[in-house]
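Residue-level structure breakdown
Given next are the chains, with one letter for each unit.
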Amino acid sequence: FSYIPILPSCVLFFFSVIFKVLLMLVWAFVSFVVLFVWESVFPFFSFGNEYYRVQHVLVNVFFAALNMLIGYLIFKRLFAFSFDFSKRFGLLNICFGVQSRRFVRVVAAVVLMDLWTYSWHLINHQFEFFWNFHSLHHADEFMDVSSAFRFHVGEIFFSNCFRLPLIVLLGINPTEMAIYESI
């Protein structure tokens, strides 16, 4: 069987990332449904018309689907290579090693990614160029659970462009990213 090529580690790594992303999407969907039902049973405000609420949710879910599709098509390989490269590099690998003290490492990864996300959010508010994209998120007339999906594709693009080098610099692995994204 020497003629059968061995799959490069980046290909295997790519499929493991895809599996983790699918698990994250399932978790996000289940969380959305639970929160949507909760808001339906205990509403903070009335939409006045249930048809409008459904229309509102569908518009925001459309934004989410568009952003996921575009993000997947543009960034899937870049994220796989960033995660593969981050195995040999990064602050978390220097401080905690690759396999040791997993719980502390995951907590550190989540805190660092959250600090980055907070900083990115401030940047979106302080710089007009980024605010032009981010303002779509704040333009939602009625804030509900679906408002979390309402982002301009440009904001998703720039967010991912800045996140890729951060993954390498911090040494974030796909499991840590999936945990962070699902919290």
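Residues numbered from 1 in each chain as written. Predicted model: local features only at pLDDT ≥ 70, side-chain atom pairs only at ≥ 80, totals over all residues. Heavy atoms only, no water.

Details of the nonpolar core
To be explicit about the condition: Throughout, nonpolar core names a set of buried Ala, Val, Leu, Ile, Met, Phe, Trp, Tyr and Cys residues whose side chains join them through atoms within 4.5 Å. A 1.4 Å probe rolled over the protein chains alone gives each residue an accessible area, and that area as a share of the maximum for its type sets the label: buried under 20%, exposed over 50%, partly exposed in between. Under the DSSP-based scheme used, a helix requires at least four consecutive residues in state H or I and a strand at least two consecutive residues in state E, with every element numbered from the N terminus.
Of all hydrophobic cores here, the largest spans 19 residues; its most connected members are Phe79, Phe83, Leu92, Met113, Ile167, Ile172 and Met177. Within the residue set of this core, elements represented by two or more residues are α2 (50–86), α3 (91–96), α4 (102–126), α6 (153–170) and α7 (174–182). No other element matches α4, which puts 6 residues into this core.

Points about the environment of Ile74
Residue position: Ile74 is located in helix α2. Sequence spacing of Ile74 and Asn160 is 86 residues, and the spatial spacing of their C-alpha atoms is 9.7 Å.

Describing the packing of helix α5 (residues 128–138) against α6
The criterion, for reference: Note on definitions: angles span 0 to 180 degrees between N-to-C directions of axes, and those axes are lines fitted to C-alpha atoms, for helices only across the stretch in contact. Throughout, the term roughly parallel applies to angles under 35 degrees, roughly antiparallel to angles over 145, roughly perpendicular to angles from 65 to 115, and oblique to all others. In what follows, residue pairs with any heavy atoms lying within 4.5 Å of each other are defined as contacts.
Here α5 crosses α6 at 125 degrees, and the two axes come no closer than 8 Å. Considered as vectors, α5 and α6 are oriented oblique to each other. Facing Phe129, Phe130, Phe133 and His134 of α5, the residues of α6 in contact are Gly154, Glu155, Phe158 and Phe162.

Let's talk about the packing of α4 against α7
Note the following rule: A clockwise turn of the near helix away from the far one marks a right-handed crossing, whereas an anticlockwise turn of less than a right angle marks a left-handed crossing. Each residue gets one label: Ala, Val, Leu, Ile, Met, Phe, Trp, Tyr, Cys and Pro are nonpolar, Asp, Glu, Lys and Arg are charged, and the others, such as Gly, are polar.
The interhelical angle for the contact between α4 and α7, taken along N-to-C directions, is 60 degrees, at an axis separation of 9 Å. The orientation of α4 with respect to α7, classified from their angle, is oblique. Of the two elements, α4 crosses α7, and the hand of that crossing is right-handed. Residues Arg105, Val106, Ala109, Val110, Met113, Asp114 and Thr117 of α4 lie in contact with α7, whose contacting residues are Glu176, Met177, Ile179 and Tyr180. Across the contact of α4 with α7, the residue classes break down as 7 nonpolar, 1 polar and 3 charged.

Considerations on the environment of Ile123
As for its placement among the helices and strands, Ile123 is situated in helix α4. Separated by 11 residues in sequence, Ile123 and His134 have C-alpha atoms that sit 9.9 Å apart.

Describing the pattern of salt bridges
To be explicit about the condition: We define a salt bridge as a contact between a side-chain nitrogen of Lys or Arg and a carboxyl oxygen of Asp or Glu at a distance within 4 Å.
Inspection of every chain in the model, using the stated rule, returns 5 salt bridges. Its salt-bridge partner being Arg53, residue Glu39 comes within 3.5 Å of it at the nearest N-O pair. Note that Glu39 is positioned in helix α1 (residues 9–41) and Arg53 in helix α2, a separation of 14 residues in sequence. The salt bridge involving Lys87 is made with Asp84; its shortest N-O contact spans 3.4 Å. Among the residues examined, Lys87 registers a relative accessible area of 40% and is labelled partly exposed. Given a relative accessible area of 12%, Asp84 falls into the buried group.

Let's talk about α6
Let me state the cut-off plainly: How far a helix is expected to stretch is found by multiplying one less than its residue total by 1.5 Å.
Its 18 residues give α6 an end-to-end C-alpha distance of 25 Å, which sits within 8% of 26 Å, the value for a rise of 1.5 Å per residue. Next to the buried residues of α6 lie α2, α3, α4, α5 and α7.

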